[in-house]
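Now for the letters of each chain:
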Amino acid sequence: MTKEYDVVVIGSGPAGYHAAIRCGQLGLRTACIEKWQSRDDKTVYGGTCLNVGCIPSKALLDTSHKYVEALHEFETHGIKVPAVSIDVPAMMGRKDEVVKQLTTGIAGLLSSNKVEAISGKGKVTTPETVLVTDHEGKEQELKAKHIIIAAGSVPIEIPPTPVDQNTIVDSTGALEFDEVPKRLGVIGAGVIGLELGSVWARLGADVVVLEAVEEFLPTVDRQIAKEAAKIFAKQGLQIKLGARVTGSKLSAGRAKKSVTVEYQDGDGEQRATFDKLIVAVGRKPYTRDLLDPSLGIELDARGFIRVDDKCATSVPSIYACGDVVRGPMLAHKGMEEGIMVAERLAGKKAQVNYDLVPSVIYTHPEIAWVGKNEEELKMAGVEYNVGAFPFAASGRALAANDSEGMVKIIADAATDRILGCHIIGPSAADLMQQVVIAMEFSASAEDLGLTMFSHPTLSEAVHEAALASLGHAIHIGNRKRRA
Ligand code: FAD
Ligand code: NAD
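The text that follows walks through the structure, step by step, so that each part is easy to find. (Residues numbered from 1 in each chain as written. Chains lettered and ligands numbered in written order. Predicted model: local features only at pLDDT ≥ 70, side-chain atom pairs only at ≥ 80, totals over all residues. Heavy atoms only, no water.)

Turning next to the site of ligand 1. Around ligand 1, the structure places 38 residues, and the nearest of them are Glu 34, Thr 48, Lys 58, Gly 122 and Asp 323. Within the side chain of Lys 58, a nitrogen or oxygen atom sits 2.6 Å from an oxygen atom of ligand 1. Isolated, ligand 1 exposes 990 Å² of accessible area, and the fraction of that covered by the protein chains is 95%. Residue assignment for the shell around ligand 1 shows that the elements contributing at least two residues are α1 (14-25), β2 (30-34), α2 (47-52), α3 (54-73), β4 (121-126) and α7 (331-345). Ranked by residue count, the leading element in the shell around ligand 1 is α2, at four residues. (Near = heavy atom within 4 Å. Polar contact = N/O pair within 3.5 Å; in protein donor to acceptor, adjacent residues only side chain to side chain. Areas by Shrake-Rupley, 256 points an atom, 1.4 Å probe, with all protein chains shown as cover. Helix = DSSP H or I, 4+ residues; strand = E, 2+ residues; numbered from the N terminus.)

Structure (structure tokens):
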């Protein structure tokens, strides 16, 4: 029997489950199809983000940060602890529990919002039909007025280092090591390379990151990226830029395997041997067996489903959002797109402000940014004022013994409207979010400067950076800098 819905959503990652829940809230008869299964063959909701992405990686980042604090920093506060050690299986167990709690929570949220969760792989066969094949191979057909595709993305593999999820792993394998590798190689100094490289470096691995591009974090504000490179080097992450990997060889010792990676850099041919190698060179949209070719849904040159700024595909009844479409591969970008599509299907006006998608790298210190950086504004010929405030001058950061980095605020020289915020430092993500809100309301640097901030907080660094851009910060010397 063919079941009928107003909306069928394919995928229950951040984009899919937000779309489905909002559709349910708006009274649309909605189904959400998910193919992901846990190790014990149960359907799990939440996609990459909850199962093998944002959440498990942050669980490991938090554990490993606490370990570093206990090992090196408690003493500064006068806290003496006996020998500190890490129990990797216990760390992994905690991470798995957090994931389980959240993925089970999504199943509950779908149900309480009257979304029918359907287990299996969905394929769009006509503009109004989705064929679902369950894990036993049984098929059912769903009819829908609208289809939302939120099928997400998968890691990119490169020929020189084929992933075996044992010695050579992708980000998913890197969340599952059963012990701390002595020598860890990472290919790609992007977000995943830096976050997961940091986890294992903190726990004692000797980490080498091989990055093909010559510039470190090329999309990040240069001043912030330079500061980050210095801090990571101090933390023991060896980042080799301009390193092009050309091949790898697995060698099976009696007890343990290792991998020798061949790469070329400015000094010529190089080799390095690792116990584990993480390949983190980006992700690609996942559209395998998803779309019947007769639909004529357009993909772009990199395989993303082509959509407009309202996530409409080339077929009027079909929408797509999240990692499977253009734009940054970030959970929150997909969430907002999912909600926008649901609201528009319910006849509401909704849009996503693609100019204000915040980015964060959850290392310690964190790196966070939104809006334009100095380099982009210079290229565009925009005159700006910039104010920077170092955490070394923040009372609260010093009290916490966590005072590396700075807040930078950039404002239009003519109108004073805030154009960008760039932070490296403690709680950078949460601090930057304050400026995202200000920017959503078209605030000026003066607006931030006139706002009262609680003392003593890290947020005061945001206040001071805004004041610095106006030339009257209180806790640092003022050198008003214009473009
Ligand atoms: P996904 O989360 O990939 O979900 C897609 C879902 O669709 C999956 O569950 C998949 O099984 C299902 N699916 C696919 N095809 C079908 C089909 N045919 N039928 C049924 N189901 C199907 N982003 C952040 O913003 N912050 C972070 O801190 C962060 N950390 C990350 C850490 C790591 C290690 C990784 C790998 C990613 C991280 N990301 C982070 C990125 C984030 O996970 C993704 O941007 C986000 O999950 C994309 O959401 P999505 O819903 O588009 O796709
Ligand atoms: P990325 O694009 O951030 O970084 C990949 C890096 O690999 C780049 O620096 C690239 O130059 C380098 N690279 C590519 N090919 C290479 C090669 N052959 N040899 C050496 N280096 C090479 O991708 P990622 O780190 O894999 O992350 C994937 C996606 O997941 C990103 O789009 C990111 O937005 C998302 N993510 C986000 C977060 C977060 O928001 N904190 C965390 C993890 C992942």
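Ordered by their spatial adjacency, three strands build an open sheet running β12-β13-β14, and the pairing between neighbours is antiparallel. Both outer strands of the open sheet, β12 (244-252) and β14 (268-274), are each paired with one neighbouring strand and no more. Neighbour-to-neighbour, the strand axes of this sheet turn through a mean angle of 20°, independent of strand direction. Sheet topology places β12 next to strand β13 (residues 257-265); eight bridges connect them, and they run antiparallel. Considered in β13, the bridge of Ser 248 is made with Val 261. (Pairing = 2+ DSSP bridges. Axes fitted to C-alpha atoms, helices over the stretch in contact; angles between N-to-C directions.)

Once that is clear, we can look at the nonpolar core. With 39 residues, the main nonpolar core has Leu 184, Trp 200, Val 207, Leu 217, Ile 278 and Ile 367 as its most contacted residues. For this core, the secondary structure elements donating two or more residues are α3, α4 (88-112), β9 (183-187), α5 (191-202), β10 (206-210), α6 (222-235) and β19 (366-371). For Trp 200, the contacting residues outside a window of four places in its chain are Val 88, Met 91, Met 92, Ala 174, Phe 177, Glu 179, Val 180, Pro 181, Leu 184, Ala 205 and Val 207. Residues Val 7, Ala 20, Val 115 and Ala 350 belong to the second largest nonpolar core, which totals 29 residues. (Core = buried A, V, L, I, M, F, W, Y, C linked by side-chain atoms within 4.5 Å. Buried < 20%, exposed > 50% of the residue type's maximum accessible area, 1.4 Å probe, protein only. Contact = heavy atoms within 4.5 Å.)

So, on to the packing of aromatic side chains. For the structure shown, the criterion picks out two aromatic pairs. Considering the side-chain rings of Phe 177 and Trp 200, the 5.0 Å spacing of their centres and the 45° angle between planes classify their relative orientation as tilted. Of this pair, Phe 177 sits in the loop between β8 (168-169) and β9 while Trp 200 sits in helix α5; the two residues are 23 residues apart in sequence, bridging distant segments of the chain. You'll find Phe 177 and Trp 200 in the same group, each marked buried. With a centroid separation of 6.2 Å and an interplanar angle of 90°, the aromatic rings of Phe 216 and Phe 232 are classed as edge-to-face. Of this pair, Phe 216 sits in the loop between β10 and α6 while Phe 232 sits in helix α6, and the two are 16 residues apart along the sequence. On the basis of relative accessibility, which here comes to 7%, the residue Phe 216 falls in the buried class. (Phe/Tyr/Trp six-rings, centres within 6.5 Å; stacked < 30°, edge-to-face > 60°.)

What follows is about the state of the cysteines. Within this structure, the stated rule accounts for zero disulfides. The thiol sulfur of Cys 32 is not disulfide-bonded, and the nearest other cysteine sulfur, from Cys 23, lies at 9.8 Å. The closest cysteine sulfur to the non-disulfide-bonded Cys 54 is located on Cys 49, 3.1 Å from its own sulfur. Given the relative accessible area of 29%, Cys 54 is considered partly exposed. (Disulfide = S-S within 2.5 Å.)

Before going further, it helps to spend a moment on the site of ligand 2. In the vicinity of ligand 2 lie 19 residues, with Ile 192, Glu 195, Glu 211, Gly 282 and Val 360 positioned nearest. Here Gly 282 contributes a backbone N or O atom positioned 2.8 Å from an oxygen atom of ligand 2. When ligand 2 sits alone it has 840 Å² of accessible area, and the protein chains cover 74% of it. It is α5 that provides the largest number of residues to the shell around ligand 2, a total of three residues.

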